[in-house]
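This is what each chain is made of:
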Amino acid sequence: MGNLIATRPPQPWTAPTASDPVAATLRLPGSKSMTARALVLSALAGGPSTLAGPLRARDTELMAAGLRAMGAHMSISDDERWLVRPHPLVGPAHVDVGLAGTVMRFVPPVACLADGRITFDGDPQARTRPLGPLIGALRSLGARVDAPATGSLPLTVLGAGRVAGGDVVIDASASSQLVSGLLLAAPRFDRGVVVRHVGPPVPSAPHLRMTVQMLRAAGAAVDDGTPDVWVVEPGPLTGRGWQIEPDLSGAVPFFAAALVTGGEVTLQGWPRSSAQPVEQLRSLLQRMGGEVTLSTAGLTVRGTGSVHGLDADLSDVSELTPALTALAMLADSPSVFTGVGHIRGHETDRLTALAREFAALGADITESPDGLEIRPRPLHGGVFETYHDHRMAHAAAVAGLAVPGIELSDVACTSKTMPEFPALWSAMVTGKS
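Quick summary incoming for the structure in this document. (Residues numbered from 1 in each chain as written. Predicted model: local features only at pLDDT ≥ 70, side-chain atom pairs only at ≥ 80, totals over all residues. Heavy atoms only, no water.)

Focus: the overall build of the chain
And then number 1: Secondary structure summary: the chain contains twelve helices and 23 strands in total.
And then number 2: Taking the principal axes of its C-alpha atoms as reference, the chain extends roughly 60 × 60 × 40 Å.
And then number 3: Relative to its 433 residues, the chain shows a buried fraction of 58%.
And then number 4: Of the charged side chains in the chain, 34 are positive and 40 negative; the average position of the first set lies 5 Å away from that of the second. (Helix = DSSP H or I, 4+ residues; strand = E, 2+ residues; numbered from the N terminus. Buried < 20%, exposed > 50% of the residue type's maximum accessible area, 1.4 Å probe, protein only. Lys, Arg positive; Asp, Glu negative; His and termini not counted. Charge placed at Lys NZ, Arg CZ, Asp CG, Glu CD.)

Here it is in structure tokens:
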């Protein structure tokens, strides 16, 4: 009989309730999306790169570890500045994707350029996340990939040191990362790549625009002028310095706190021109009763004392759905969110999870195939299951500002993208830094 190791379940964390309007100026970690893309592009470049202000969290450390396992040199001991030196990619190697969509979709195309066998697996929940379209696309581009018939993890890439590339058709309606993963590695393919999406609309379009923008910044020739078609020419990538923006998705719960409490939250270090969907966020928060301004101090959201419901297509900003759902619970009118059916395939089925957990707190919330309908009414405390999902934890924390006694089953899951979240959140609510 093998050794049995008892594991202690995480202690519930009671979300702090705000007795006064919050007033906070925050400097949050860097964007997960930008950090992940910069690591991949740097590993494939012709010279060294630096990442200033990167995100240090489980997802990005797994990305760095996966690229390092294949031979890239990663120096990430300095929290403020990471150094990447490219090196020939080789196997055998194993990549632990954890529960990170970026790792499971960005690194396999890179592994196809390695010489050797690269295996991929992750957390149990990761095996339910859609990978089939990416696996099929890589095979059609000349790569050898062994994977279950379900088109999921675990998988093995039998790298030959090169990928022919060329034209590929993919249904990326489950995740824009399926396209981004192909595009990021494409300059190193012999013939580059022409990706054509066929199917329902690709969600999270701003993330695809970020991919294209960062590829161009690294010297790649990319044509995205035709809807649902991306052309990347073969050619070298240039090592460079990447300035990582603060993480907008991670900031949303804090901005929501300004609306819930009638307070004010400023995110420092926000750039004048952003690769993230700040204009969409500004519009949504303004419609829900916030005032959003950008100044030299940073990006500031002020609450007006009221939270309004809204009807919104969130397909471009689906990461915001959990926090906005919590806001909608506390609004003065109903809300309908649509365009986010694909988030059923994220860390958990977020639509079912949000509906189930908020209903347990007394909410009137209904799932639709691609969204949620929310009719505000008084909530009560109780245990809120997070399902190992950082965004679920954020939603519970936002609701807890106005509803005493909401206990998160596991706040540690926020380490996926922001290990500092519990401390930052509590300091904001109590006013004690």
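We are not done yet, so read on.
Some words on the nonpolar core
And then number 1: Ranked by size, the top nonpolar core spans 78 residues in total, and within it Leu67, Met70, Phe120 and Leu183 carry the most contacts.
And then number 2: Per-element tally for this core: the top contributor is helix H1 (residues 32–43), with seven residues.
And then number 3: In this view, phenylalanine 120 contacts His94, Val95, Val97, Val107, Pro108, Ala111, Leu153, Pro154, Leu155 and Val157; residues no more than four positions away in its chain are not counted.
And then number 4: Listed in part, the 74 residues of the second largest apolar core include Leu285, Val307, Leu310 and Phe358. (Core = buried A, V, L, I, M, F, W, Y, C linked by side-chain atoms within 4.5 Å. Contact = heavy atoms within 4.5 Å.)

Observations concerning the sheet that holds strand S19 (residues 335–338)
And then number 1: In spatial order, the strands read S18-S19-S21-S20; together these four strands make up an open sheet with mixed pairing. Either end of the sheet is taken by a strand with one partner, and the two such strands are strand S18 (311–313) and strand S20 (364–368). Strand-to-strand, the axes of this sheet are offset by a mean angle of 10°, without reference to chain direction.
And then number 2: Inspection of the sheet shows S18 paired to S19 by three bridges, in the parallel sense. Bridge pairing links alanine 312 to phenylalanine 337 in S19. (Pairing = 2+ DSSP bridges. Axes fitted to C-alpha atoms, helices over the stretch in contact; angles between N-to-C directions.)

So, the packing of helix H2 (residues 58–69) against helix H3 (residues 101–111)
And then number 1: One can describe the packing of H2 onto H3 by two numbers: an axis separation of 10 Å at closest approach and a directional angle of 15°. Comparing the axis directions of H2 and H3 gives the class roughly parallel. Regarding H2 and H3, the two cross each other, and that crossing is right-handed. Contact residues: Asp59, Leu62, Met63 and Leu67 in H2; Thr102, Val103, Phe106, Val107 and Val110 in H3.
And then number 2: Partitioning the contact of H2 with H3 into residue classes produces seven nonpolar, one polar and one charged. (Parallel < 35°, antiparallel > 145°, perpendicular 65-115°, else oblique. Left-handed = near helix turned anticlockwise from the far one by under 90°. Nonpolar A, V, L, I, M, F, W, Y, C, P; charged D, E, K, R; others polar.)

Some thoughts on the pattern of salt bridges
And then number 1: In this structure the tally under the stated criterion is 18 salt bridges.
And then number 2: Taking the shortest distance from any N to any O, the salt bridge between arginine 375 and aspartate 364 comes out at 3.0 Å. Of the two residues, arginine 375 sits in strand S21 (residues 371–375) while aspartate 364 sits in strand S20, which places them eleven residues apart along the sequence.
And then number 3: For arginine 375, a relative accessible area of 28% puts it in the partly exposed group.
And then number 4: Here arginine 375 ties to glutamate 373 by a salt bridge, and the two come within 3.5 Å at their closest N and O atoms.
And then number 5: In this structure glutamate 373 comes out as partly exposed when scored by relative accessible area, which is 33%.
And then number 6: Each member of the salt-bridge network shares a partner with another, and the members are Glu319, Arg350, Asp389 and Arg391. (Salt bridge = Lys/Arg side-chain N within 4 Å of Asp/Glu carboxyl O.)

Honestly, that's just the spatial picture; any functional story needs more than this.
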